[in-house]
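A look at the structure
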Amino acid sequence: MLLLLGLCLGLPLCAGSTREARPRDDTSERVGLSVPRQVRLLQRLKTKPLMTEFSVKSTIISRYAFTTVSCRLLNRASEDQEIEFQMQIPAAAFITNFTMLLGDQVFQGEITEREKKNSDKLKEKRNKTSEDNGEKGTEMFRASVVIPSKDKAAFFLSYEELLQRRLGKYEHVISVRPQQLVGRLMVEVNILERSGLESLEVLPLQHSRQKGSGRGEDDSGPPPSTVINQNDTFAKVTFKPSVVQQAKIAQNGILGDFIIRYDVNREQSIGDIEVLNGYFVHYFAPRDLPPLPKNVVFVLDSSASMVGTKLRQTKDALFTILHDLRPQDHFSIIGFSNRIKVWKDHLVSVTPDNVRDGKIYIHHMSPTGGTDINGALQRAIKLLNDYVAHNDIEDRSVSLIVFLTDGKPTVGETHTLKILNNTKEAARGQVCIFTIGIGDDVDFKLLEKLSLENCGLTRRVLEEEDAGSQLIGFYDEIRTPLLSDIRVDYPRAAVEQTTRTLFPNYFNGSEIVIAGKLADSSAEQLHVEVTASNSKKFVILKTDVPVGPREAGKGVAGSTGPEGGGAGGPKHVERLWGYLTVRELLSSWLHGGDGPEKERTRQKAQALAVAYRFLTPLTAMHLQRSALRLDQPGDALGTAAAAGPEALVQSLRGASPQPGPALKKPYSPRIKVSRTSVDGDPHFVVDFPLSKLTVCFNIDGQPGDILRLVSDHADSGVTVNGELIGAPAPPGGHKKQRTYFRTITILVNKPERSYLEITPNRVILDGGDRLVLPCNQSAVAGSRGLEVSVSANANVTVTIQSTIAFVILIHLYKKPAPYQRNHLGFYISNSKGLSGNCHGLLGQFLNQEARLTEEPAGLGKDPQAGEQPETVLKVKGHRVPVVWKQRKIYNGEEQVDCWFARNNAAELIDGAYKDYLAAHPFDSETSFGLGPSRAL
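Here's a quick rundown of the structure. (Residues numbered from 1 in each chain as written. Predicted model: local features only at pLDDT ≥ 70, side-chain atom pairs only at ≥ 80, totals over all residues. Heavy atoms only, no water.)

Okay, the pairing of strand E4 (residues 81–90) next. The buried fraction of E4 is high, at ten of ten residues. Taken together, the ten bridges between E4 and strand E7 (residues 138–147) define a ladder with antiparallel strand orientation. For Glu-84, the partnering residue across the bridge sits in E7 and is Ser-144. (Buried < 20%, exposed > 50% of the residue type's maximum accessible area, 1.4 Å probe, protein only. Helix = DSSP H or I, 4+ residues; strand = E, 2+ residues; numbered from the N terminus. Pairing = 2+ DSSP bridges.)

As structure tokens, this is what we get:
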């Protein structure tokens, strides 16, 4: 999509993730300073904001969709919190409005021109955003704001799009990802099609592959609570799940796409033409025509990066596609790496023998070498041009290249502009190139331009997706060309502005859409003429469409202006024309050459986008406080521009009606959640707050050992174990090796059993529905009294029944020394819910008292020590000699004074080291009884 996505106002997830509130002049993020780790520990312990409403309403009139998203949040915490609203929208959509309510204040978005000096930079930013985005065919809109304690905020986002027809269906996709159970969740879609609805279906919720989600009990039909009301021309679809129904779909809140597919009746071969208020739209999708023969070359990347599953899946898909070729088609196959390997030096007809030989050739392809994209394309185009030039083809045919790669050009010509120019010059508009990019390393921008400049399409396959099935699905869209060289004409005197009217091919199941502006809206008829080639004949279709003056709103029976869509009344045809025109102008501007013509195109696109309130790479959105507030000045506090195609965060911090700074001061870095912890090599720290003592000790374990840290399975139902990983000791040290915790596992048995596994890279939550959260992204998830909050590359906070909380620090090294390993630190921040019978290396000391005494040095002491008394710690009936020591905790941010117990704490802990070894990560058994603790 050519527009941005992401407006982030001085505004992490619609699920209500929180950030530390910062004063208005805080520049730590802008200058790249890191926030102290201990501060980030506290931010996850706050009360998560409550989403009271998440609703989406779409109105689709003649394939053009107006969508408005509403989200209401309540800050239940006793301090200000920064809340982020996040919404995936289709890549082809334009944002038309964003409004935010903060308390009783209204902030309204205004679309304005973007300064020219920034425009060229936006092209690159947009592509980077798309590559990092992770969800195929979508863009991410983000907006965040600081909400005062106990106050409310509401977000309203509107966008518009023209639904595309693929494989005979229109598809309307709505992202439903509140990431928490919502008291009022509703999706409502109204569809009005004048030509009549031929079919309509609601698919099961399509869950995000990257964020993970639970699955409902029945995924064979529409989601639970979906209601469909339909007649010949109108349908209303409502999805309104209760909290219980939401929990059955996914216990941490719904996470997926609500999808409606439909098609319309088509009676006239020339298509469906609608005229309204001086504008018209022409939908052309003929069917029941004999297919055109295809001349197709399959170009497959066989470089070293395709090794394994990608190449195997692609080969399997090509086997299926070869069987699907028609007898009148011709084909060839090219494999490329640093060498171009051509199966046949000419195109061959589709016969059983040729198909068999082609499959054998594909089967023997092996991955090796680099990626010569330019050489492969040049060879494929030459094969097609030679075939057409040297064969007396009676039937008209379509020449296609299906090009698949997972990388960037590394061999031969590697300059993008030269590859594009070479390809365009060789193809000469006679060869259409359809490209597929696999994975994260592909130069998708290059593939997009190759297809756009050579009458093709492009698709992206994510790394974890099945490349084979995606290739087959993509091929299905182009497998049946019905027409070529399509030209749509309207009288020049009657029409003054139209969108694109020349099309190289029409494929079965797709649709050609043209919109225009009438020069004389008082004319009674509009003459339409379509010429095209089909197989052996030349097709000419003509008709006259009645225009006559119509009252506003009578173009479609019963239609009204879509609410919140910015349509300003029943002007869907005009807005559709504006949408298509802006998209075509942006495409010409982005992919055109330099010079005066490009500047004129930019100015046209920008002016039209501002006129129709479309947020594009050439426009910006500014948030301003609404003048409706009579009791407050109308200045635009927090006004910020929404940058084009990249996700950006606009700031509304400090937007408060009260004078002076509106936000609380940031947390002091000296405030800590708890000292009771184990971190590093591993070093244990136990805090006795009642006795005002801190005790520390070391445990020298073996790599692979699983240590019981907290064992309270019989009472609170909580067990925490940690698995050790080994590393060489630093040179000159007294140790032979180091050990760290690489995995922390938490078993929660009440009210229902849940398993949690935490590593430096990911968090796995399995409570009936398996959820995987990457540690490099902030996220919040939870179910049945268990909440998990991930602060990206910093920490993971686990809260159980609001009475138990653990914080797991994530220690990552960019360039680790030989003795360093990525590892975890475990901190107990709230132990109120743990029982008095709790045990484990840390758990046995919770809710206990300790005291220090000085005793005379006994026999057997070092003579050099003289008669110096020794310090003895008395805890749980143990008498433990200790020495004063300083130890760093919280990733080295704080140094604490502690009393150190030597010899692996042999005299401090109950039992021996072996008694704390677990058989497996979720082992909840304990070697110790549950009797009361011994007295001091």
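After presenting the structure, the write-up continues.
Our focus in this paragraph is the nonpolar core. By size, the foremost hydrophobic cluster in this structure holds 57 residues, and its most contacted members are Leu-709, Phe-806, Phe-826 and Leu-908. Every residue in contact with Leu-908, bar those within four places of it in the chain, is listed here: Val-695, Phe-697, Phe-845, Leu-873, Val-875, His-878, Val-880 and Ala-901. In this structure, Ala-65, Leu-73, Leu-157 and Met-621 belong to the second largest nonpolar core, which totals 52 residues. (Core = buried A, V, L, I, M, F, W, Y, C linked by side-chain atoms within 4.5 Å. Contact = heavy atoms within 4.5 Å.)

With 16 residues, helix H11 (residues 596–611) should reach 22 Å at 1.5 Å per residue; the first-to-last C-alpha distance of 23 Å fits that figure. Along H11, the residues that are buried comprise Lys-598, Thr-601, Arg-602, Ala-605, Gln-606, Leu-608 and Ala-609. Immediately beyond the C-terminal end of H11, within one or two residues, lies Arg-613, with a positive phi of roughly 60°. (Expected span 1.5 Å × (residues − 1).)

Inspection of every chain in the model, using the stated rule, returns two disulfides. The partner cysteine of Cys-432 in its disulfide is Cys-455, sulfur to sulfur 2.0 Å. Disulfide Cys-432 to Cys-455: torsion about the S-S bond roughly -105°, handedness left-handed. Placement of the pair is Cys-432 in strand E24 (residues 432–438) and Cys-455 in the loop between helix H8 (444–452) and strand E25 (458–461), with a sequence separation of 23 residues. Accessibility expressed as a relative area gives 3% for Cys-432, which makes it buried. (Disulfide = S-S within 2.5 Å.)

Let us look at the packing of helix H7 (residues 416–427) against H8. Two elements in contact, H7 and H8, have axes separated by 10 Å at closest approach and are oriented at 20°. Comparing the axis directions of H7 and H8 gives the class roughly parallel. As H7 packs across H8, the resulting crossing turns out to be right-handed. Contact residues: Thr-416, Ile-419, Leu-420 and Thr-423 in H7; Leu-446, Lys-449 and Leu-450 in H8. Considering only residue class, the contact of H7 with H8 consists of four nonpolar, two polar and one charged. (Axes fitted to C-alpha atoms, helices over the stretch in contact; angles between N-to-C directions. Parallel < 35°, antiparallel > 145°, perpendicular 65-115°, else oblique. Left-handed = near helix turned anticlockwise from the far one by under 90°. Nonpolar A, V, L, I, M, F, W, Y, C, P; charged D, E, K, R; others polar.)

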